[in-house]
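Below are the chains, spelled out letter by letter.
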Amino acid sequence: MAYVPGIALMAALVVGCSASTGTGGSAPDSKPGEATVAAAAPGKYRTLLDPCRAVAPSSLKDLLPGAAELPEDQQQKVYDGTATVTYDTDRRVGCRWKSEAPGSSHTLFVDFERVVSYDPSVSDDDRAREVYAKKEAAAGLSSDADAATSDSTKKQTLPATDPASDSTSDPASDSTSDPATESASDSASGLASHALSGPAAKGKKTDEPTDDSTDGNGHASTDGGKADDTGTGTAGSSGDSEGSDESLLPRTLDGLGDSAFLNDLLTRAGSTAKNRTVSVVFRTSNVIVTIQYTEQPTVSTVVPDSKELQERARSLAQKLVDKFSE
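First, a word on what this report is: a plain description of the structure on this page. Note that this is a predicted model, so its numbers are computed, not measured.

**A few points about helix H5 (residues 124-138)**
Here's step 1: With 15 residues, H5 extends 21 Å between its outermost C-alpha atoms, agreeing within 8% with the 21 Å of an ideal straight helix rising 1.5 Å per residue.
Here's step 2: Just downstream of H5, Gly-140 is the residue with a positive phi angle, here 80°.

**Digging into the nonpolar core**
Here's step 1: Counting 35 residues, the largest nonpolar core has Leu-64, Leu-108, Val-110, Phe-112, Ile-291 and Leu-320 as the members making the most contacts within it.
Here's step 2: Of the residues forming this core, the biggest block, seven residues, is contributed by helix H9 (residues 306-325).
Here's step 3: With residues near it in sequence (within four places) discarded, Leu-320 still touches Ala-54, Val-110, Phe-112, Phe-282, Val-289 and Ile-291.
Here's step 4: The next biggest cluster of nonpolar side chains, apart from the first, holds nine residues, and it includes Ala-128, Tyr-132, Ala-139 and Leu-141.

**Things to note about the sheet that holds strand E5 (residues 259-269)**
Here's step 1: Read across the open sheet, the seven strands follow the order E1-E2-E3-E7-E6-E5-E4; overall the sheet is antiparallel. The open sheet has two edge strands, strand E1 (82-83) and strand E4 (251-253), and neither has a second partner.
Here's step 2: Here E5 runs beside strand E6 (residues 273-284); their pairing, made up of eleven bridges, is antiparallel. Residue pairing across strands places Ser-259 opposite Arg-283, the latter belonging to E6.
Here's step 3: The strands touched by H5 are strand E2 (92-100), strand E3 (104-114), E4, E5, E6 and strand E7 (287-297); relative to E6, the strand with the most contacts, the crossing angle is about 160°.
Here's step 4: Contacts from H9 reach E3, E4, E5, E6 and E7, with the element oriented near 25° to E6.

**Remarks on the packing of aromatic side chains**
Here's step 1: Counted by the stated rule, this structure contains three aromatic pairs.
Here's step 2: Ring geometry for Tyr-45 and Phe-324: centres 5.5 Å apart, planes at 80°, overall edge-to-face. A residue pair is termed long-range when its members are at least 10 positions apart, and Tyr-45 in the loop between helix H1 (4-20) and helix H2 (51-54) and Phe-324 in helix H9 qualify at 279 residues. Assigned by exposure class, Tyr-45 and Phe-324 land together as buried.
Here's step 3: Where Tyr-132 meets Phe-261, the ring centres are 5.8 Å apart and the plane angle is 55°; that geometry is what we call tilted. Residue Tyr-132 is located in helix H5, and its partner Phe-261 is located in strand E5; the two are separated by 129 residues in the primary sequence. Side by side, Tyr-132 and Phe-261 carry an identical accessibility label, which is buried.

**Brief notes about the pairing of E2**
Here's step 1: Two strands pair when backbone bridges link them, and E1 and E2 are joined in this way by two bridges, in the antiparallel orientation. Note on E2: the bridge partner recorded for Ala-83 is Cys-95.
Here's step 2: Linking E2 to E3, which pair antiparallel, is a turn of three residues.

**Comments concerning the pairing of E5**
Here's step 1: Buried residues dominate E5, accounting for ten of its eleven residues.
Here's step 2: As paired elements, E4 and E5 share three bridges and run antiparallel to each other. Bridging across to E5, Arg-251 finds its partner in Leu-262.
Here's step 3: Joining the antiparallel neighbours E4 and E5 is a turn of five residues, in which Gly-255 adopts a positive phi near 75°.

Conventions used here
- Residue positions are given per chain, counted from 1 along the sequence in the order it is written.
- Given that this is a predicted model, residues contribute local features only at a pLDDT of at least 70 and side-chain atom pairs are listed and counted only at 80 or more, while totals for whole chains, interfaces and linings are drawn from all residues.
- Here the side-chain values reflect all heavy atoms present in the structure, with hydrogen atoms and water set aside.
- Each helix is a run of H or I in the DSSP string that is no shorter than four residues. Each strand is a run of E no shorter than two, and both are numbered from the N terminus.
- In a helix, the anticipated span is given by 1.5 Å times the number of residues less one.
- Nonpolar core, defined: a set of buried Ala, Val, Leu, Ile, Met, Phe, Trp, Tyr and Cys residues in which side-chain atoms within 4.5 Å join the residues together.
- Here the term buried applies to any residue with accessible area under 20% of the maximum for its type, exposed to any over 50%, and partly exposed to those in between, with areas from a 1.4 Å probe on protein chains only.
- Every residue pair with non-hydrogen atoms within 4.5 Å of one another is taken to be in contact.
- In this analysis, strands are considered paired if DSSP registers two or more bridges between them.
- Only C-alpha atoms enter the line fits that serve as axes; for helices the fit covers just the stretch in contact. Angles between N-to-C directions range over 0 to 180 degrees.
- Under the pairing criterion, centres of Phe, Tyr and Trp rings, with the six-membered ring standing for Trp, must be within 6.5 Å; the plane angle then separates stacked pairs below 30 degrees from edge-to-face pairs above 60, leaving the rest tilted.

By themselves, these are just geometric observations and shouldn't be taken as functional.
Next comes the structure, spelled out in structure tokens:
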């Protein structure tokens, strides 16, 4: 009969639908006992501030004395700053300002670095802690909290070793930085030169003043180092009594972002003149901010005031922390 094929087709459809429905609603390709690894949380910051606009004009007037005395057009040019050239502005940006005054010149440099982890098991924040810890260690300082976190992250990412093996691991194999953070950590080597020689360079309190006139072997230093734009160079002789003030020595800072440290470098500019560069580096979530503030007197016998430069650099750092929190 003509209606029989239609009835057969309906019956086949009903059987097919019944077979496709499972009791647990599980996907047909799921495997029993298969573990699902959750990806680490992304960092708080997905973009970076414009560094040349991040510093308020009122702050620039304090940091760049002499600029306010210039004609309006030249003054505006100084306050606009000059953006540094970077290959990826989503990952790293910077800006530089410079002013000339009758008694000295001042240079300000800020650098924003957004750290991204390419390991799904390591969060952006944990990777940023590693990068920051390298900068801090390169400056001869150490923060127990970040150091412990960095070690913990390394243990999570390193492959398991054979307990029966008696061979020790190669120190180079402990590096877990991805290609992007490797380039970011290059500037950390420059900060190493900022650490003053002696125990104070390690961020430990000491009852004895630091003598910067000798090198690591106790020999007298014959020529001072000179810091370049990235802060690299060798530490020169302090030449003043400020080295005995422990409150002005390179040190870690509390209450500034998640972690922070300050470095202070006095170098020779030419044969006799000296300049001082104060660096403040802090981490907020997965962003690392570096501030370098330099003063170079025009008179060779004048030594820049460490306390004043440090206060200005720290004040700017706090304002940038607030800016990133907005």
